[in-house]
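Next come the chains, spelled out residue by residue.
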Amino acid sequence: MSEVEVKINSERIDDIPLIVEWLKRIEIAKHIDQKMKKPHGNHQGMSYGQLSVLLLGL
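Caption draft 1: Seen up close, a nonpolar patch on the surface. A surface patch of nonpolar side chains, amounting to about 510 Å² of accessible area, comprises M46, L51, L54, L55 and L58. Mapped onto the elements of the fold, L51 is located in helix α3 (residues 48-57).

Caption draft 2: Expanded view of α3. Taken together, the buried positions of α3 are G49, V53 and G57. One side of α3 carries all its buried residues, which in axial view fall inside an arc of 70 degrees. Residues of α3 that are buried sit in contact with α1 (16-25) and α2 (28-35).

Caption draft 3: Summary view of the environment of I32. Tracing the chain through its elements places I32 in helix α2. Taking the C-alpha atoms as reference, I32 lies 8.1 Å from S52; in sequence the two are 20 residues apart. Among residues more than four places away in sequence, those in contact with I32 are Y48, G49 and S52.

Scoring rules and cut-offs
Residues numbered from 1 in each chain as written. Predicted model: local features only at pLDDT ≥ 70, side-chain atom pairs only at ≥ 80, totals over all residues. Heavy atoms only, no water. Patch = residues over 30% accessible without salt bridge, like charges linked within 9 Å, V, L, I, M, F, W, Y side chains within 5 Å. Areas by Shrake-Rupley, 256 points an atom, 1.4 Å probe, with all protein chains shown as cover. Salt bridge = Lys/Arg side-chain N within 4 Å of Asp/Glu carboxyl O. Helix = DSSP H or I, 4+ residues; strand = E, 2+ residues; numbered from the N terminus. Buried < 20%, exposed > 50% of the residue type's maximum accessible area, 1.4 Å probe, protein only. Arc of directions from axis to C-beta. Contact = heavy atoms within 4.5 Å.

Printed below as a string of structure tokens:
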């Protein structure tokens, strides 16, 4: 049986608030919302732009 080398990469999580704040300052959520189609009438919660900022920050 052969041995497999496992490589673990880690990223610093203290940069996430910085990235999210930068995305807010350049108003990326507003620009994404302008380009995307409006969701159907039953949509509730975050806009597509806000959701994008959340996911990009992670």
